[in-house]
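Residues per chain are reported as follows:
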Number of protein chains: 2
Amino acid sequence: MAKLLLIEDDLKLAAAVRRGLEAEQFIVETALNGTDGLWLAMEGTYDALIIDLMLPEINGFRICRDLREAGDWTPILVLTAKDGEFDQTEALDTGADDFLTKPFSFPVLVARLRALLRRSVISGEPPLEAGDLRLDSEQRRVWRGSEEIQLTARQFDVLEFLFRRAGRVLSKKEIMDGVWDYDFAGDPNIVEVYIRRLRTRIDVPFQRHAIETVRGVGYRLDVSGG
Amino acid sequence: MAKLLLIEDDLKLAAAVRRGLEAEQFIVETALNGTDGLWLAMEGTYDALIIDLMLPEINGFRICRDLREAGDWTPILVLTAKDGEFDQTEALDTGADDFLTKPFSFPVLVARLRALLRRSVISGEPPLEAGDLRLDSEQRRVWRGSEEIQLTARQFDVLEFLFRRAGRVLSKKEIMDGVWDYDFAGDPNIVEVYIRRLRTRIDVPFQRHAIETVRGVGYRLDVSGG
DNA sequence: GTGTTTGTTCAGCATTCGGTCAGGTTTGTC
DNA sequence: GACAAACCTGACCGAATGCTGAACAAACAC
């Protein structure tokens, strides 16, 4: 699958993003400063780069430029602080393909990444399946058997998150961190609410839930699809 | 498919054009200055060249001349600044086959390119289809079943953009970037307005929209055509 | 120049969505 | 069986989002 380079100096954020992307089946390498980042990027073995603009030593702006000037057009997704010294247009001036303003939510990051990769590695990614439940990320559509199920944006994000980790038990916190903005600080009950909303839509009557509750731990999407 | 060389020193523009053309299935290589550009162009392995006239080192004017003098008659599309030092007649005097004034809109660039290539590589591209909706890029005509639908230029551009990405959900921003001038900075509502106008023309009464709304995300042309 | 078509902006409206909350219910423990 | 913790559930409300018709402006044709 796709191999990514993450250049980010905030240790905590780097670790979180890395973990998240790995859970999405990406192969992730991390550089904590501009020098290492540029060095690694120059190897040119990555399918996409995720670069923070504010970096020690060599900043992200410079990395993008240097790569482009070296004829390297690997897709680049740039991370910027909202109030920071770089703004949106500047981010794109660097030759980056897309940018994301912090704080961002994880599904947005992944969606943007997939959009960038769609041109190269991932193309025509097959729909995800669990029993007779089917979810197509690209089209953002869900079916139970042949019947399409209408979901709202957030509902879809939650379900996709579960789908990509099907069979594993996910805590409410994991789901919150994975689906909501990473600085979202609401009641974990929101996850219960969304699980319920999903269940009322995707479950088959008189059959056990496709999304099982594991009391005291979290939720699990049954790979057999309920 | 067709292989292109883009010679453009503005990183932002180069990245955007490159990305867009790749989405249209072209193979694109990019040079950021005249020297590299001429060097690559001399290889003579491209189906067409897109050259900015204002370039560092060797300008576009010179590149065209040198190529033509070397007996290379690869189709050339030249990009010029509106107010720039080169005007339209001069651009064509260089041996270019066509020219485009900045800022240009993406569909225009693609249309001109296809026109240039039609003489050589691409010819007789089949019409695009979605259900009983049919769109012919070359003729710029649209039919529902056997009945032709009249669209304005912009309406057609939007629909063609959706057609070439049928089944995928496209954000308003993607549509704006893909259809309007690359520096257009208007209200995304313009997309809503055009979607509406398209719907009133292409939809079948009492049937669901051919262009579906995916709330919070964007629009999707249903491949089954509504 | 006049009239028409096309493109864009605007503002009000309708709908949907997301998040919160306040009970209710189940589960497990003592 | 009493209790607490965890989870479920339906209702509610503000905000975001999209829809729509009309007005205005620009481009074009005659």
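Residues numbered from 1 in each chain as written. Chains lettered and ligands numbered in written order. Predicted model: local features only at pLDDT ≥ 70, side-chain atom pairs only at ≥ 80, totals over all residues.

Overview of the environment of Glu 8 of chain A
Residues and elements named next belong to chain A. Rules: The numbering of helices and of strands both runs from the N terminus, where a helix is a DSSP run of H or I of at least 4 residues and a strand a run of E of at least 2. Around each residue's C-beta, the other C-beta atoms within 10 Å are counted; 20 or more make the residue buried, 12 or fewer make it exposed, and counts in between make it partly exposed. All C-beta atoms are placed from the backbone. Throughout, a pair of residues is in contact if the C-beta atoms placed from their backbones lie within 7 Å.
Residue placement: Glu 8 occurs in the loop between strand S1 (3-7) and helix H1 (11-23). Given 24 C-beta atoms within a 10 Å radius, Glu 8 is considered buried. Along the chain, Glu 8 and Leu 53 lie 45 residues apart, while their C-alpha atoms are 8.4 Å from each other. Filtering out sequence-adjacent residues up to four positions away, Glu 8 remains in contact with Leu 13, Ala 14, Val 17, Asp 52 and Leu 79.

Comments concerning the protein's contact with DNA strand D
The line we're drawing: In this text, near has one meaning. A residue is near a molecule or strand if its C-beta atom, placed using the backbone, is within 6 Å of it. Under this grouping Gly is polar, as are all residues other than the nonpolar Ala, Val, Leu, Ile, Met, Phe, Trp, Tyr, Cys and Pro and the charged Asp, Glu, Lys and Arg.
If you check the shell around DNA strand D, you find 16 residues, and the closest are Glu 192, Arg 196 and Thr 213 of chain A together with Glu 192 and Thr 213 of chain B. Among the secondary structure elements, those contributing two or more residues to the surface near DNA strand D are helix H8 (189-202) of chain A together with helix H8 (189-202) of chain B. Grouping the constituent residues of the surface near DNA strand D by class yields 4 nonpolar, 6 polar and 6 charged.

What to know about the interface of chain B and chain A
Counting residues at the interface gives 17 residues for chain B and 15 residues for chain A. Sorting elements by how many residues they give to the side of chain B that touches chain A places helix H1 (residues 11-23) of chain B first, with 7 residues. Grouping the constituent residues of the side of chain B that touches chain A by class yields 7 nonpolar, 3 polar and 7 charged.

Side note on the sheet that holds strand S6 (residues 128-130) of chain B
All names here are of chain B. Our working rule: Two strands qualify as a pair provided that DSSP identifies no fewer than 2 bridges between them. Note on geometry: axes are lines fitted to C-alpha atoms, helical ones only across the stretch in contact, with angles between N-to-C directions running from 0 to 180 degrees.
Spatially, the 4 strands line up as an open sheet ordered S6-S7-S8-S9, and their pairing is antiparallel. Edge strands, defined here as strands with exactly one partner in the open sheet, are S6 and strand S9 (147-149). Strand-to-strand twist in this sheet, taken as the mean axis angle between neighbours without regard to direction, amounts to 25°. Sheet topology places S6 next to strand S7 (residues 133-136); 3 bridges connect them, and they run antiparallel. In the strand pairing of S7, Glu 129 is matched with Arg 134. The sheet contacts of helix H6 (residues 153-163) involve S6, S7 and strand S8 (141-144), and relative to S7 the element is tilted by about 110°.

Focus: the packing of helix H6 (residues 153-163) of chain A against H8 of chain A
In helix packing, the relevant descriptors are the interaxial angle and the interaxial distance, both defined with respect to the helix axes. Residue and element names in this part refer to chain A. Using the following cut-off: An angle counts as roughly parallel when it lies under 35 degrees, as roughly antiparallel when it exceeds 145, as roughly perpendicular when it falls between 65 and 115, and as oblique in every other case.
At their nearest, the axes of H6 and H8 sit 10 Å apart, and the two run at 95° to each other. Looking at the two axes, H6 sits roughly perpendicular to H8. Mapping the contact onto sequence places Arg 154, Gln 155, Val 158 and Leu 159 in H6 and Tyr 194, Arg 197 and Leu 198 in H8. Each residue belonging to the contact of H6 with H8 can be placed in one class, and the counts come to 4 nonpolar, 1 polar and 2 charged.

Some remarks on H1 of chain B
Residues and elements named next belong to chain B. Rules: To estimate the expected span of a helix, subtract one from its residue number and multiply by 1.5 Å.
In a regular helix each residue adds 1.5 Å, so 13 residues correspond to 18 Å; H1 covers 18 Å between its end C-alpha atoms and thus fits that length. Taken together, the buried positions of H1 are Leu 13, Ala 14, Ala 15, Val 17, Arg 18 and Leu 21. Looking at the packing, one finds that the buried side of H1 touches strand S1 (3-7) and strand S2 (27-31). Of the residues flanking the end of H1, it is Gln 25, one or two places downstream, whose phi is positive at about 75°.

Side note on the confidence of the model for chain A
To keep it simple, the criterion reads: Per residue, pLDDT measures the predictor's confidence, with a range of 0 to 100.
Per-residue confidence for chain A gives a mean pLDDT of 88; residues scoring 70 or more make up 92%. Ranking the helices and strands of chain A by mean pLDDT puts H8 of chain A first, with 97, and helix H4 (residues 88-93) of chain A last, with 68.

So, unusual backbone geometry
Looking along the chain, the bond that leaves Lys 102 of chain A and enters Pro 103 of chain A is cis, with omega of -5°. Within the chain, Glu 57 of chain A stands out as a residue other than glycine whose phi angle is a positive 70°. Within the chain, Phe 206 of chain B stands out as a residue other than glycine whose phi angle is a positive 60°. Mapping Phe 206 of chain B onto the fold places it in the loop between H8 and strand S11 (211-214).

So, the sheet that holds S1 of chain A
Residues and elements named next belong to chain A. Strands sit in the order S2-S1-S3-S4-S5 across an open sheet of 5 strands; the sheet is parallel. What marks the edges here is a single partner per strand, and that holds for strand S2 (27-31) and strand S5 (98-102). The sheet shows a mean angle of 20° between the axes of neighbouring strands, taken without regard to direction. Summarising the sheet, strand S4 (residues 76-81) and S5 pair through 5 bridges and their orientation is parallel. The residue bridging Leu 77 from the neighbouring strand is Asp 98, located in S5. Those strands touched by H1 are S1 and S2, and its axis lies near 165° from that of S2. Across the sheet, helix H2 (residues 34-43) touches S1, S2 and strand S3 (48-52), and the angle it forms with S2 is around 140°.

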